[in-house]
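Spelled out, the chains give:
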Amino acid sequence: MKKTLFDKIWDTHVVSTVQEGPTQLYIDRMYCHEVTSPQAFDGMRKRGLKVFRPEQITCMPDHNIPTIHQESPIEDPISKKQVDTLTKNALDFGLTHYQMGHEKNGIIHVVGPENGLSLPGMTMVCGDSHTSTHGALGAVAFGIGTSEVEMVLATQCVFQSRPKTMRINIVGKLNPGVTSKDLALYVIAKVTTGGATGYFVEYAGEAIEALSMEQRLTVCNLSIEMGARGGLVAPDEITFSYLKGREFAPKGEEWEKAVAKWKELKSDEGAVFDKEVTFDAADIDPMVTYGTNPGMGMGINDSIPSLDSIDEASQISFVKSLDYMGYKPGEKIMGKAIDYVFLGSCTNGRIEDFRIFADYVKGKKKADNITVWLVPGSWAVDKQIKAEGLDKVLIEAGFQLRQPGCSACLAMNDDKVPAGKYAVSTSNRNFEGRQGPGARTILAGPLVAAAAAVTGRITDPRI
Amino acid sequence: MEKFITLTSTIVPLPIENVDTDQIIPARFLKATSKEGFGDNLFRDWRYDKNNTPIASFVLNNPTYQGQILVAGKNFGSGSSREHAAWAIAGYGFRVVVSSFFADIFKNNAMNNFVLPVVVSEPFLAEIFESLSKDSKITLTVNLEAQTITNDANGKSESFFINPYKKDCFINGLDDIDYLLSKKTQIEQYEKARN
Ligand code: SF4
C-alpha cells in the first residue's frame, strides 16, 4: 500500500482505535503556554493525577507578556496571574519551563524549532492552533483544546479522528520580491478560509523545495488559516542542515541514525491524496488582505471583488467585513494610508524576516505619524539580530526593537492597535478586533510591511 | 454532566459566515484561570459597545430570540484553538450549535464540553432562517439517539453524523480522560514496542 508522508507518521503513532470511533494517538511532544493550560492543570489536580511523561513537555509564557520592561513584574494583574500560574504549574508537575526573560523564552512556535525540540517524524501538540508551524520539519503537529491538553498531561495521548489528506503543489519559482508569506496568503485566498477543513496538508513542488526552513515554517504556520488540521513538508537536506547542532537535536551517532530514518519520511511515489491542487509560483504577487478573514487576500495591485461577484449567501458577511475595514467593494487598497506596522508573531518573527525588513529599510527613514512595532519571535532571534548588526540599521532608519512575545498578533498585552486604525501586520489573523477592539488589520509579508513602514501607505515593495 | 438525549428549543439565529473564535470570545477575555464566567463575554464585541452598553441590534440583546440552540452561518468556529470559545457558548446556556460547516478544533472542543455541533445541509440551514423570519418562536428538535434534527415549523428532518463513541459519551455523560486513563498499560506497551 503506497502511503503519504502524513499516513506514515500518523500510523506509527496509533496506540488504539476505538471501534467506529476516533484514534488514540501517541504524542511525542507537547508545548504549553499560559493561556490554554491552567484549566488543564486544574483538572489534573482535581483528579489527583501526575503528569505521565514530563520530559516530553515544555512550557513557556508568550501570549500575555509585555514587549517592554520584561525585567520588571507584569503590570496587568490578570496577565501576571496567568503567567505566574504557569510557573507554579510547571514547578508542581515537574515540567521544563522557560519563564519570561529566560534566554530560551519566546513564542513557542519559534522556540521549538530553533532549539531542535521539534523534529521530523514526531507528533506534536499545543493548546494553540498555530502548532501547525512545526509541520515544516516533517512532523504531524496540530493545535488542540484545553481538555485535550489535560489528556496529554495525563496519558501522552489524544483522541483524534483521522483527517483526510490534501497535497498542495506549488510548481515553478517565486518571483523576486515575493516572500513565502505571500505564497501562503495566495494559497489561502484560493483555497478559502474553510477550504481545507478536515484535511491535513502536505506542501510540495519546486517552489516549496526551494524554500529555506524558516520560510517553510511560515507556510505551515498558516495552514490553519484555511481550516487545515495541519500542514507539513517532507524533510530534506535543508531540514537536516537547519537542525544539525541545535541544542535538543540528536548528536553524533544518534544524529546519523536519525537522518537515515528521516530520509524515509516522504510520500511514496503514486500515493493517493484525498484532494490535490496545484498552483504556479509565477502567478503570485506580494499579497495583502482587505477583509476580516485570512482568505480575503489579493495581489497588492488588485481590486477588492465587486459585490455582484460574491455568492448571494455570502454577501451579508462580505459587506459586514468591508464595512468594518472601511473599504468599498471594487476599490484598490494600494496607496491607502495606514497607522501601524507590526513585524513579528510565530508567522514572521524569525531572523530571516528581520533580515528582509532591515535590508529594505536600510538607508531609508521610517514614515512620520505611524507606529511601528518590531517584535522578535524569541530571545534567540533578538540575539541574532544584534549579532548581525541589524539593530543598528533599524535604529538608523528610525525604528526600535521590542522584547519577544506574541504582542500585537493577538493584543493580549498592551500592544493594541486603537479602534479604527489600520495596521499592516505580518501576523496571521485579520479577524475583527484581533489586534485590539475595532482595530483594522491588513495581513502582509515582511517586505510589504517594510515598504509600508517607510511610506506610511500600502506600497508595492518592488517599485 | 447532564445527559443529552433529545432537546426541543427555540432558536437564536446568527446568519453570519466564518464566525471566528476571536468573535466568540475576544483574546482579552482569555486571562482567566478557571472555566467559569466566559458566557458573560460571549460575542463580547458584537454584543456591547465600548462603553459596555448592549448593542440593541445584536441578536443576544434581542428578547425576541431565546433558546438553547444557536444557529449560525457556515464555517462556524474558525481560527484559534481556544476552548474558551466552547466554554463561552456552554456558559451562556447553549447546548447545540447548528451550522452547515464547522471548523475542526472548535467541533472537538464543543463536544468535549457537551455542546453538540450539528451539521446540516445548506438548504436546511437556509430554511431554518426562512422559517424564523416568519415566526421567531419556532423550535428545532434534536434527537441524538436517532441522530436527527427537525425544523418543527415545517416538519422537515435531516439526519446528522456523530461518531458512535462520542454519541455514547454524550448520552452517558462520560469524558475522554477516563477512557484514556483506563488504557495506561497499553500506552506503556506502545512506548516499549517503539524503542
Ligand atoms: S504569535 Fe500570534 S498566532 Fe502565534 S502563538 Fe502567539 S498569538 Fe498565537
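Fair warning: this is a prediction, and the values are worked out from it, not measured in the lab. (Residues numbered from 1 in each chain as written. Chains lettered and ligands numbered in written order. Predicted model: local features only at pLDDT ≥ 70, side-chain atom pairs only at ≥ 80, totals over all residues. Heavy atoms only, no water.)

What about the overall build of chain B?
Then comes step 1: Tallying secondary structure elements over chain B gives eight helices and seven strands in all.
Then comes step 2: In summary, chain B has a C-alpha radius of gyration of 18 Å against a globular reference of 16 Å for 195 residues, a match within 12%.
Then comes step 3: Dimensions of chain B along its principal axes, counting C-alpha atoms only, are 60 × 45 × 25 Å.
Then comes step 4: Within chain B, buried positions represent 56% of all 195 residues. (Helix = DSSP H or I, 4+ residues; strand = E, 2+ residues; numbered from the N terminus. Rg over C-alpha atoms; globule rule 2.2 N^0.38 Å. Buried < 20%, exposed > 50% of the residue type's maximum accessible area, 1.4 Å probe, protein only.)

With respect to the confidence of the model for chain B
Where the model shows low pLDDT, its predicted coordinates should not be examined in detail.
Then comes step 1: Here chain B averages 94 in pLDDT, and 98% of its residues register 70 or above.
Then comes step 2: For this predicted complex, the interface score ipTM comes out at 0.91, alongside a pTM of 0.95. (pLDDT = per-residue confidence, 0-100.)

Description of the state of the cysteines
Residues and elements named next belong to chain A.
Then comes step 1: Per the stated rule, a full pass over the model turns up zero disulfides over all chains.
Then comes step 2: We note that Cys59 lacks a disulfide partner, and the nearest cysteine sulfur, in Cys32, lies 4.5 Å from it.
Then comes step 3: With relative accessibility at 0%, the residue Cys59 sits in the buried group.
Then comes step 4: Of all cysteine sulfurs in the structure, the one in Cys346 sits closest to Cys220, which takes part in no disulfide; the separation is 12 Å.
Then comes step 5: For Cys220, a relative accessible area of 0% puts it in the buried group. (Disulfide = S-S within 2.5 Å.)

Observations concerning the packing of helix α6 (residues 180–191) of chain A against helix α8 (residues 213–221) of chain A
Residue and element names in this part refer to chain A.
Then comes step 1: Two elements in contact, α6 and α8, have axes separated by 9 Å at closest approach and are oriented at 25°. As the angle between them shows, α6 and α8 are arranged roughly parallel. Crossing angle aside, the handedness with which α6 passes α8 is right-handed. Contacts from Ser180, Lys181, Leu183 and Ala184 in α6 reach Gln215, Thr218 and Val219 in α8.
Then comes step 2: Considered class by class, the residues forming the contact of α6 with α8 number three nonpolar, three polar and one charged. (Axes fitted to C-alpha atoms, helices over the stretch in contact; angles between N-to-C directions. Parallel < 35°, antiparallel > 145°, perpendicular 65-115°, else oblique. Left-handed = near helix turned anticlockwise from the far one by under 90°. Contact = heavy atoms within 4.5 Å. Nonpolar A, V, L, I, M, F, W, Y, C, P; charged D, E, K, R; others polar.)

Thoughts on the pattern of salt bridges
Then comes step 1: For the coordinates displayed, the defined rule picks out 33 salt bridges over all chains.
Then comes step 2: A salt bridge links Lys336 of chain A to Glu331 of chain A; the shortest N-O distance between them is 3.1 Å.
Then comes step 3: Accessibility expressed as a relative area gives 23% for Lys336 of chain A, which makes it partly exposed.
Then comes step 4: Of the charged contacts in the structure, one is a salt bridge between Lys166 of chain B and Asp176 of chain B, with a shortest N-O distance of 3.3 Å. (Salt bridge = Lys/Arg side-chain N within 4 Å of Asp/Glu carboxyl O.)

Some thoughts on the environment of Asn348 of chain A
Residues and elements named next belong to chain A.
Then comes step 1: Topologically, Asn348 is positioned in helix α12 (residues 345–348).
Then comes step 2: Since its relative accessible area comes to 1%, Asn348 is described here as buried.
Then comes step 3: Excluding anything up to four places from it in sequence, Asn348 contacts Lys181, Thr218, Leu343, Asp353, Thr426, Ala444 and Pro446.
Then comes step 4: Among the polar contacts made by the side chain of Asn348, one reaches the side chain of Lys181 at a distance of 3.0 Å.
Then comes step 5: At 2.9 Å, the side chain of Asn348 forms a polar contact with the side chain of Asp353. (Polar contact = N/O pair within 3.5 Å; in protein donor to acceptor, adjacent residues only side chain to side chain.)

A few points about the packing of helix α2 (residues 38–47) of chain A against helix α5 (residues 146–155) of chain A
Residues and elements named next belong to chain A.
Then comes step 1: Running from amino to carboxyl end, α2 crosses α5 at an angle of 50°, the nearest separation of the two axes being 8 Å. The angle between α2 and α5 places the two elements in the oblique class. Both α2 and α5 take part in a crossing whose hand is right-handed. Contacts from Gln39, Ala40, Phe41, Gly43, Met44 and Arg47 of α2 reach α5 at Thr146, Val149, Glu150, Leu153 and Ala154.
Then comes step 2: Of the residues assigned to the contact of α2 with α5, the class counts are six nonpolar, three polar and two charged.

Focus on the site of the ligand
Residue and element names in this part refer to chain A.
Then comes step 1: With respect to spatial proximity, the complete set of residues near the ligand consists of His63, Ile107, His109, Asp128, His130, Ser345, Cys346, Cys406, Cys409, Leu410, Asn428 and Arg434.
Then comes step 2: According to the grid-proximity analysis, the pocket containing the ligand is the largest cavity.
Then comes step 3: Split by domain, the shell around the ligand shows at least three residues from each of two domains, domain 1 (1–285) and domain 2 (287–455). (Near = heavy atom within 4 Å. 1 Å grid on protein atoms, 1.4 Å probe; cavity = no way out; pocket = protein on both sides within 12 Å on 5 of 7 lines; lining within 4 Å. Sits in = over half its atoms within 2 Å of the grid points. Domains from an automatic or database assignment.)

Observations regarding empty space enclosed by the protein
All names here are of chain A.
Then comes step 1: Per the counting criterion, the structure on display carries five cavities of 30 Å³ or more.
Then comes step 2: Every residue lining the largest cavity is counted, 24 residues in all, and those nearest its centre are His63, Asp128, His130, Leu410 and Arg434.
Then comes step 3: For the lining of the largest cavity, the secondary-structure elements that each account for two or more residues are α4 (108–114) and α12.
Then comes step 4: Counted by class, the lining of the largest cavity contains eight nonpolar, 11 polar and five charged residues.
Then comes step 5: Summarising the domain contributions, the lining of the largest cavity has at least three residues from each of domain 1 (1–285) and domain 2 (287–455). (Points joined across faces, edges and corners; volume = space filled by probe spheres on them.)

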